Amino acid sequence: MVNIDWKNLGFSYIKTPYRYIARWKDGEWLDSEMTEDNTLHISEGSPALHYGQQCFEGLKAYRCKDNTINLFRIGDNAKRFQTSAQRLMMPLIPEEMFIDAVKQVVDCNEAYVPPYGTGATLYIRPLLIGVGDSIGVNPAPEYIFTVFCMPVGAYFKGGLKPTNFIVSDYDRAAPEGTGAVKVGGNYAASLLPGKEAKSRKFSDCIYLDPATHTKIEEVGAANFFGITKDNKFITPKSPSILPSITKYSLLELAKDRLGMEAIEGDVYLKDLDKFTEAGACGTAAVISPIGGIQLKDKFQVFYSETEVGPVTKRLYDELTGIQFGDIEGPEGWIMKLIVE
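Residues numbered from 1 in each chain as written. Predicted model: local features only at pLDDT ≥ 70, side-chain atom pairs only at ≥ 80, totals over all residues. Heavy atoms only, no water.

**So, the packing of helix α2 (residues 74-87) against helix α3 (residues 95-108)**
- Here α2 crosses α3 at 125 degrees, and the two axes come no closer than 9 Å. Here α2 lies oblique to α3, going by the angle between them. Along this stretch, α2 crosses α3, giving a crossing that reads as right-handed. Across from Ile74, Gly75, Asn77, Ala78, Lys79, Phe81 and Gln82 in α2, the residues of α3 making contact are Glu95, Phe98, Ile99 and Val102.
- For the contact of α2 with α3, the per-class residue count stands at six nonpolar, three polar and two charged. (Axes fitted to C-alpha atoms, helices over the stretch in contact; angles between N-to-C directions. Helix = DSSP H or I, 4+ residues; strand = E, 2+ residues; numbered from the N terminus. Parallel < 35°, antiparallel > 145°, perpendicular 65-115°, else oblique. Left-handed = near helix turned anticlockwise from the far one by under 90°. Contact = heavy atoms within 4.5 Å. Nonpolar A, V, L, I, M, F, W, Y, C, P; charged D, E, K, R; others polar.)

**Some points on empty space enclosed by the protein**
- Counted by the stated rule, this structure contains four cavities of 30 Å³ or more.
- Taken as a whole, the largest cavity holds about 70 Å³ of empty space.
- In terms of lining, the largest cavity is formed by Gly58, Leu59, Lys60, Tyr62, Phe72, Asn77, Ile245, Thr246, Thr283 and Gln323.
- The set of elements that each furnish at least two residues to the lining of the largest cavity consists of β5 (59-63) and α6 (245-256).
- A per-element tally of the lining of the largest cavity places β5 first, with three residues.
- Summarising the domain contributions, the lining of the largest cavity has at least three residues from each of domain 1 (19-152) and domain 2 (163-324).
- A volume near 60 Å³ is recorded for the second largest cavity.
- Lining the second largest cavity we find Pro162, Glu277, Ala278, Pro289, Ile290, Gly291, Phe302, Tyr303, Ser304, Glu307, Gly309 and Thr312.
- Secondary-structure elements contributing two or more residues to the lining of the second largest cavity are β15 (275-282) and β16 (286-295).
- The biggest single contributor to the lining of the second largest cavity is β16, with three residues. (1 Å grid on protein atoms, 1.4 Å probe; cavity = no way out; pocket = protein on both sides within 12 Å on 5 of 7 lines; lining within 4 Å. Points joined across faces, edges and corners; volume = space filled by probe spheres on them. Domains from an automatic or database assignment.)

**Comments concerning α2**
- Given a rise of 1.5 Å per residue, 14 residues ought to cover 20 Å, and the 20 Å separating the end C-alpha atoms of α2 matches this to within 8%.
- Along α2, the positions that sit buried rather than exposed are Ile74, Gly75, Asn77, Ala78, Arg80, Phe81, Ser84 and Ala85.
- The first or second residue beyond α2 is Met89, which carries a positive phi of 60 degrees. (Expected span 1.5 Å × (residues − 1). Buried < 20%, exposed > 50% of the residue type's maximum accessible area, 1.4 Å probe, protein only.)

**Observations concerning the pattern of salt bridges**
- The full count for this structure, using the stated rule, is 15 salt bridges.
- Among the salt bridges present, the one from Glu33 reaches Arg23, with a minimum N-O distance of 3.9 Å. Here Glu33 is found in strand β3 (residues 33-35), whereas its partner Arg23 is found in strand β1 (residues 19-25), with 10 residues between them in sequence.
- The class of Glu33 is partly exposed, set by a relative accessible area of 42%.
- Lys215 is the partner of Asp266 in a salt bridge, and the nearest nitrogen-oxygen pair spans 3.6 Å. With Asp266 in the loop between β14 (261-265) and β15 and Lys215 in the loop between β10 (204-208) and β11 (216-219), the pair connects residues that are 51 residues apart, well separated along the chain.
- For Asp266, a relative accessible area of 38% gives the class partly exposed. (Salt bridge = Lys/Arg side-chain N within 4 Å of Asp/Glu carboxyl O.)

**Some words on the domain arrangement of the protein**
- The assigned domain composition of the protein is domain 1 (19-152) and domain 2 (163-324).
- A separation of 26 Å is found between the C-alpha centroids of domain 1 and domain 2.
- Taken together, the contact pairs 26 residues of domain 1 with 21 residues of domain 2.
- Between domain 1 and domain 2 lies a buried interface of about 1800 Å² when both sides are counted; carbon and sulfur atoms form 63% of it.
- The largest share of the area that domain 1 buries against domain 2 comes from Phe56, Phe72 and Arg80, three residues that together contribute 32% of it.
- Counting across the interface, domain 1 meets domain 2 through eight residue pairs in polar contact (both at pLDDT 80 or more).
- Of all elements in the fold, only β4 (54-56), β5, β6 (69-72), α2 and β7 (121-131) reach the threshold of two or more residues within the side of domain 1 that touches domain 2.
- Here the side of domain 1 that touches domain 2 takes six residues from α2, the largest share from any one element. (Buried area = accessible area lost by both parts, 1.4 Å probe. Polar contact = N/O pair within 3.5 Å; in protein donor to acceptor, adjacent residues only side chain to side chain.)

**Description of the nonpolar core**
- Counting residues in each nonpolar core, the largest one holds 36 residues, and the members touching the most others are Trp29, Phe98, Val102, Val106, Ile124, Leu128 and Phe145.
- Looking at this core, the elements with two or more residues in it are β1, β5, β6, α2, α3, β7 and β8 (142-152).
- The element best represented in this core is α3, accounting for seven residues.
- If you look at the next biggest cluster of nonpolar residues, it comprises 22 residues, including Phe72, Leu160, Phe225 and Phe233. (Core = buried A, V, L, I, M, F, W, Y, C linked by side-chain atoms within 4.5 Å.)

Below, the structure written as structure tokens:
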């Protein structure tokens, strides 16, 4: 294992030794390879550069107590990757090819999977981009599929500690646009509102539904959830929200493990006071408790600005317990890799 300060990792790029790459041309995927070169060599006319024809995924590998490595719900990442590619008219990555690429990357970079007990993980980034000599607004003539990885710590500084957010006047996505798929343009559009939120000492901003601006949709690059006073787990439902694998995992755990009523539905700003706890969730964020939300001149505090609510803590412990192999997960959630 490499010499890294595992417990003080941030969420930033670290070059690891190997990455997977495959190229598509003339209607088929060509031979793939593992390479040490972390630079992509592409045409200046590549549609990914000019028209944003690209999509990506994010998932993690978790070191278990027995030194095995867990991949969490990787099949769902593979399916969501296909949905994103289809929306942008890119060739689909077969599920078997996606899973095999991820496994190869984890295996070749196994020394960078953080030790059990540090709280750190190996973040894995599959990426599909349209390349080749092109300048018209058309699907690319060629494509590159690559998967790389790096060890990471907490996405929001402080880990499982409440932080505050502010409601943004900007829209994250259009009502019938690409909000429900994981494409780069959605994130580029969030840079300015995110910077403005952080300049006001908030962790990030809350995005509302683009049609009416009355309902919460996403929290920065993560999904929102709230716990009501009558013990319901509620998370937003909208055609312009990315279908978060973490969110759907929490919906299932809240219902089956915590005995809560789990609801995917509207979360109106006017009803925020019905929540006793709130949080942001996603692969990168895991669960980040929300202390309070600033809406114009009103600041809505949930459980506490300094302490994690009990339900949020139970959900976090259940989810991460499954991911790190300490708790048995629902069938099909974990793919285990044996370290030789």
